[in-house]
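The residues making up each chain are set out below.
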Amino acid sequence: MPKVLPRQAFRGNLVGAMDATLTFLGIESSCDDTAAAVVRRLADGRAEVLSSEVEGQAVLHAAFGGVVPEIAARAHAERLDHCVERALAAAGVTLDQLDAVAVTSGPGLIGGVLSGVMLAKGIAASTGLPLLGINHLAGHALTPRLTDGLAFPYLLLLVSGGHCQFLIVRGPDSFHRLGGTIDDAPGEAFDKVAKLLGLPQPGGPPVEAEAAKGDARRFVLPRPLLDRPGCDMSFSGLKTAVLRARDALVAEKGGITLQDRADLCAGFQAAVADVLSEKTGRALEVYLAEAPPEPSLAVAGGVAANAMLRAALETVSAGLGVAFVAPPLRLCTDNAAMIAWAGIERHRMGLGSEADLTARPRWPLDSSAAPMIGSGKKGAKA
Ligand code: KG4
Ligand code: ZN
């Protein structure tokens, strides 16, 4: 446990003085990253990530071909307090210099979420600090404001191993979901394609590297749901199409060559890029119909690391006169700085502390949108 210091001077800046400097501790443990961070918002509106510690669990899950919830929860419970200690030390901040604790309270793998919520409650109870429960997806969705000070409303495309959705972000607590995947998330599809082609996990980077050596036109792969209106997407059939193409090659010649593999990766990546750019174009049209004063598209999630996808999204945005924002990757993927920041944003709106906070495995950001199907390898898609 971090050393608990008495709160020497409760800075009392949480109610009323909305433009005081705010320093929040963030805690994230909803999937397979154990993370803690300290973020400060200065009175003039500038934000500083004072520290952001992320401990991945890839090694622990490697033998199982996916995240094992029980192993993830145990690792979070064992590592989180050390992670918080390191985040405070790296930021040069003690508990008594914090203004509040923000913790991911869903959606995600429930055992992991509970580990974070219990630790955060312990810190809040022993220090008297206010405690804010944060929706993990809101953390991703508000990151472009932490990194680039983006003005509301903006369109966000969240593309990771567990999530894929378009959201119009109108305020810290106001999200309108335009559509998302009805089955696998794109990162999940990259991971599965890597697995069936004998490439390591996580699959995104090796599939991208192979694709650079391949011919995207050799295999004709489907572009699911492009023939249907709206912004919903599907990536599961695309992965199955890669599997069938691989099996056809094996049946024909007894195996696949390195060039076959590169061509399959290139074809798969091009299909994902086509689906994402077409659907992004549609989502941007819906968003632009609201006449936003500073039109912008932001991406978040690990798949945003893919250079071809980024370039495709940038082209679509530029064609519609929309600014394109991609936060640095370490803040695009799961981290706790985004949770601390979402806490600051919620607090500034006057959304208060929750002593009776509970962990929620499912928690859609836009409760008026239809629920997502499936729960995916990394927990509920929300
Ligand atoms: O956001 P993230 O770190 O974790 C969650 O899923 O929440 O995203 C990880 C996902 C993995 O599925 C990984 O394969 C994918 O992002 N990814 C990529 C690339 N780098 C990571 N997918 C495509 N191209 C990449 N370069
Ligand atoms: Zn995430």
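Everything discussed here concerns the structure shown above.
Remember, it's a predicted structure, so these values are computed and weren't measured experimentally.

## Comments concerning the site of ligand 1
Then comes step 1: Among the 19 residues in the neighbourhood of ligand 1, the closest are listed as Gly161, Asp191, Gly204, Glu208 and Gly302.
Then comes step 2: Within the side chain of Glu208, an N or O atom sits 2.8 Å from a nitrogen atom of ligand 1.
Then comes step 3: Within the backbone of Gly302, one N or O atom sits 2.9 Å away from an oxygen atom of ligand 1.
Then comes step 4: Breaking the shell around ligand 1 down by element, the ones donating at least two residues are helix H5 (186–196) and helix H6 (204–211).
Then comes step 5: When its residues are assigned to classes, the shell around ligand 1 shows five nonpolar, ten polar and four charged.

## What about the coordination of the zinc ion (ligand 2)?
Then comes step 1: Those donors, His136 (NE2), His140 (NE2) and Asp334 (OD), are the protein atoms that reach the zinc ion (ligand 2), and they lie 2.1 to 2.2 Å from it.
Then comes step 2: Donor residues for the zinc ion (ligand 2), ordered by position in the chain, follow H-x3-H-x193-D. With His140 in helix H4 (residues 136–148) and Asp334 in the loop between helix H10 (329–332) and helix H11 (337–348), this pair connects stretches of sequence that are 194 residues apart.
Then comes step 3: Look at His140 and you get buried, because its relative accessible area is 1%.

## Some thoughts on the environment of Ala73
Then comes step 1: Looking at the element boundaries, Ala73 is found in helix H2 (residues 69–91).
Then comes step 2: The exposure class of Ala73 is buried, given its relative accessible area of 13%.
Then comes step 3: Placed 41 residues apart in sequence, Ala73 and Asp32 show a C-alpha to C-alpha distance of 8.6 Å.
Then comes step 4: Apart from the residues lying within four places of it in its own chain, the contact partners of Ala73 are Gly111, Gly112 and Ser115.

Definitions and limits used
Residues numbered from 1 in each chain as written. Chains lettered and ligands numbered in written order. Predicted model: local features only at pLDDT ≥ 70, side-chain atom pairs only at ≥ 80, totals over all residues. Heavy atoms only, no water. Near = heavy atom within 4 Å. Polar contact = N/O pair within 3.5 Å; in protein donor to acceptor, adjacent residues only side chain to side chain. Helix = DSSP H or I, 4+ residues; strand = E, 2+ residues; numbered from the N terminus. Nonpolar A, V, L, I, M, F, W, Y, C, P; charged D, E, K, R; others polar. Donors = N, O, S within 2.8 Å, 3.2 Å for Na, K, Ca; no water. Buried < 20%, exposed > 50% of the residue type's maximum accessible area, 1.4 Å probe, protein only. Contact = heavy atoms within 4.5 Å.

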